[in-house]
Amino acid sequence: MSSELKQVPQNEMEQLQILIESKALPANIKTIEQAWTIAQYGKELGMKPMQAFHQVYSIQGRLSLSSKGLASLLWANGIQMKTIQDFEKISTGKDDKGNETFDRVTTIEFYRGKVTETASFYYSEAVRAGWHTKDNWVKMPNSMLYARALSRGANRIAPDKVLGLYTVEEMVDVTDAKDVKINEEGEV
């Protein structure tokens, strides 16, 4: 057992072990150490342990937050948001042959006190980065655009609340984490 966990009260460790054995936690949480780390990180974000277990994930050793968890964190901290464009098809001009070209965009407006921030994410950005061929982008491009716009806006309007963390969707894009899947409801 690592020296950091020796400070955890024995009863808390036993509670975590019961939760793991009950299979009530997501399958990615297999050890007391993982459960304790996720619960502690969630606590820093203002979440209760059971919320953290279902919204914070370790992807290749880096803790990340689901986009659902990120939206909840923003709302809990008084930051409101409104979707302005949701996977909207927009004209981008004409190609070399004179044919009209199109892109898709999701735009979210964020409100914090008297500050308003607008964040957009375009499908062409995912194409340039090479993410559009990944499983989640192929199956749910609208959800992935939303998650990216949400993350971009959250980092602009509330860097003090998101603590520089990445969303699960971002981590899946920038790593080779092939075992992480996100369904249409946004569950990891």
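Going by the structure above, here's the rest.
Residues numbered from 1 in each chain as written. Predicted model: local features only at pLDDT ≥ 70, side-chain atom pairs only at ≥ 80, totals over all residues. Heavy atoms only, no water.

Caption draft 1: Molecular detail of the packing of aromatic side chains. Scanning all chains against the criterion turns up three aromatic pairs. When the ring of Phe 121 is compared with that of Trp 131, the centres are 6.5 Å apart and the planes differ by 15°; the resulting orientation is stacked. Linking Phe 121 in strand 5 (residues 115-122) with Trp 131 in the loop between helix 5 (123-129) and helix 6 (135-139), this pair joins segments that are 10 residues apart in sequence. For Phe 121, a relative accessible area of 3% gives the class buried. A centroid spacing of 6.1 Å and a plane angle of 65° characterise the contact between Tyr 123 and Trp 137, whose relative ring orientation is edge-to-face. With a gap of 14 residues between them, Tyr 123 in helix 5 and Trp 137 in helix 6 connect regions that are remote in the sequence. Classification of Tyr 123 as partly exposed rests on a relative accessible area of 23%. Each member of the aromatic cluster is reached from another via a ring pair, and the members are Phe 121, Tyr 123, Trp 131 and Trp 137. (Phe/Tyr/Trp six-rings, centres within 6.5 Å; stacked < 30°, edge-to-face > 60°. Helix = DSSP H or I, 4+ residues; strand = E, 2+ residues; numbered from the N terminus. Buried < 20%, exposed > 50% of the residue type's maximum accessible area, 1.4 Å probe, protein only.)

Caption draft 2: Spatial organisation of the sheet that holds strand 2 (residues 62-65). Ordered in space as 1-2-6, the three strands form an open sheet in which the pairing is mixed. Only two strands of the sheet have a single neighbouring strand rather than two, namely strand 1 (56-59) and strand 6 (166-167). Pairing of strand 1 with strand 2, which is carried by four bridges, proceeds in the antiparallel orientation. Within strand 2, the residue paired with Ile 59 across the bridge is Arg 62. (Pairing = 2+ DSSP bridges.)

Functional significance is not addressed by these values, which are geometric in nature.
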